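# Residue-level structure breakdown
This is what each chain is made of:
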Amino acid sequence: MTTYAVVNTKGGVGKTTVSVHLATMLAKRGPTLLIDGDPQASAASWAAWRRENSNLTPSPTTTCLTGKAVFNEGKALAGGFEHVVVDAGGRDTAGLRAALLLAQRAIIPVGASNLDAAAMTDLLTVVELARDYNPDLDVRVLLNRVDPRTKDTAEMLEWLAEQKLAVLSARVCERVAFRRAIGEGATVQELGRDHAAVSEIEAFFAEVTA
Ligand SMILES: Nc1ncnc2c1ncn2[C@@H]1O[C@H](COP(=O)(O)OP(=O)(O)OP(=O)(O)O)[C@@H](O)[C@H]1O
Ligand SMILES: [Mg+2]
């Protein structure tokens, strides 16, 4: 069983978008648990919208947990699944720490701006702490909401290299399809309109599950 934690203390970077896509793609391979660790329960809202449309299958089993329960309850529930994805939410540090203890792989979605870089300092401290207890934790950064017209991505990559962070070669650009898909309880594949969005998220999936 592999547990993935999708984490960042910064809001709006794409944690929920990445989590629901990863969990839905994993659900095609085997029983998958999606833990919504965000008190705002965005992944759970997506799951509720998804249930309204019976054409959308398979689905990950979705549950909401916060704080330490992400680790304790998460561990107990995970036993019945082949894959687990935690949408670690934004500001709940206890839940974020618990997710990093539960997981074998952590994915950090980031935007490519100076603000995104500045906001990562806290997160990097939490990741370092988690490594003391979970030394095999594999941490990878995903550049999301990329705007290929700007130089921001190159600057962000330089900064991430200075922090000695592993960056996935797959990148996800800013595309309306992602916003639409979430609002319909779907994935960009199920929406089927934006082929570029589909190939980006599938490249991410192939790399992160390899
Ligand atoms: N690649 C993308 N292209 C376009 N829109 C995106 C992309 N990724 C995320 N978004 C949109 O950006 C907003 C924030 O994304 P999301 O909710 O996944 O981030 P989050 O990190 O989970 O935020 P929060 O901290 O509020 O939980 C949403 O409206 C989402 O649809
Ligand atoms: Mg979210």
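Scope of this entry: the structure provided in the associated data block. The shown structure was predicted, so the numbers you read here are calculated from the model rather than taken from an experiment.

The 7 strands lie next to each other as β3-β2-β4-β1-β5-β6-β7, forming an open sheet whose pairing is parallel. Either end of the sheet is taken by a strand with one partner, and the two such strands are β3 (61-64) and β7 (166-167). Of the strand pairs in this sheet, strand β1 (residues 2-6) and strand β5 (residues 105-110) are connected by 3 bridges, and their pairing is parallel. Within β5, the position partnered with Ala5 by the bridge is Ala106. Along the sheet face, helix α10 (residues 195-209) touches β1, β5 and β6 (138-143) and points at about 150° away from the line of β5.

Now for the site of ligand 1. Residues in contact with ligand 1 amount to 16 residues; listed here are only the nearest, Lys15, Thr16, Thr17, Arg145 and Arg175. Within the side chain of Thr17, an N or O atom sits 2.6 Å from an oxygen atom of ligand 1. Interatomic distance of 3.3 Å between a side-chain N/O atom of Asp38 and an oxygen atom of ligand 1. Protein chains shield 84% of the accessible area of ligand 1, which is 620 Å² for the free molecule. At the level of secondary structure, the elements contributing two or more residues to the shell around ligand 1 comprise α1 (15-27) and α8 (176-183). Among the elements that line the shell around ligand 1, the one with the most residues is α1, at 3 residues. Here the residues of the shell around ligand 1 are counted per class, giving 4 nonpolar, 6 polar and 6 charged.

The next subject is the pairing of β1. For a regular strand, the rule is simple: side chains alternate between the two faces of the sheet. Taken across its 5 residues, β1 has 4 buried, putting it largely inside the fold. Two strands pair when backbone bridges link them, and β1 and strand β4 (residues 83-87) are joined in this way by 5 bridges, in the parallel orientation. Among the inter-strand pairings, Val6 is bridged to a residue of β4, identified as Asp87.

Let us now look at α8. Listing the buried residues of α8 in full gives Ala177, Phe178, Ala181 and Ile182. The buried residues of α8 occupy one face: seen down the axis, they fall within an arc of 130°. The inward-facing, buried residues of α8 abut α1, α2 (42-51), α9 (188-191) and α10.

Our focus in this paragraph is the nonpolar core. Within the largest apolar cluster, 37 residues are counted, with the highest numbers of intra-cluster contacts made by Val7, Leu100, Ile108, Met120 and Met156. Residue assignment for this core shows that the elements contributing at least two residues are β2 (32-36), α3 (69-78), β4, α4 (93-102), β5, α6 (120-133), β6 and α7 (152-162). In terms of residue count, the dominant contributor to this core is α6 (6 residues). Those residues in contact with Leu100, other than ones at most four positions away along the chain, are Val7, Ala106, Val126, Val127, Ala130, Asn134 and Leu137. Counting 30 residues, the second largest nonpolar core, distinct from the first, contains Val6, Leu34, Phe205 and Val208.

Below, the discussion takes up a negative patch on the surface. A grouping of Asp152, Glu155, Glu158 and Glu162 is seen on the molecular surface, where their side chains present a negatively charged patch. The residue Glu162 is located in helix α7 in this model.

Criteria and thresholds
Residues numbered from 1 in each chain as written. Chains lettered and ligands numbered in written order. Predicted model: local features only at pLDDT ≥ 70, side-chain atom pairs only at ≥ 80, totals over all residues. Heavy atoms only, no water. Pairing = 2+ DSSP bridges. Helix = DSSP H or I, 4+ residues; strand = E, 2+ residues; numbered from the N terminus. Contact = heavy atoms within 4.5 Å. Axes fitted to C-alpha atoms, helices over the stretch in contact; angles between N-to-C directions. Near = heavy atom within 4 Å. Polar contact = N/O pair within 3.5 Å; in protein donor to acceptor, adjacent residues only side chain to side chain. Areas by Shrake-Rupley, 256 points an atom, 1.4 Å probe, with all protein chains shown as cover. Nonpolar A, V, L, I, M, F, W, Y, C, P; charged D, E, K, R; others polar. Buried < 20%, exposed > 50% of the residue type's maximum accessible area, 1.4 Å probe, protein only. Arc of directions from axis to C-beta. Core = buried A, V, L, I, M, F, W, Y, C linked by side-chain atoms within 4.5 Å. Patch = residues over 30% accessible without salt bridge, like charges linked within 9 Å, V, L, I, M, F, W, Y side chains within 5 Å. Salt bridge = Lys/Arg side-chain N within 4 Å of Asp/Glu carboxyl O. Lys, Arg positive; Asp, Glu negative; His and termini not counted. Charge placed at Lys NZ, Arg CZ, Asp CG, Glu CD.

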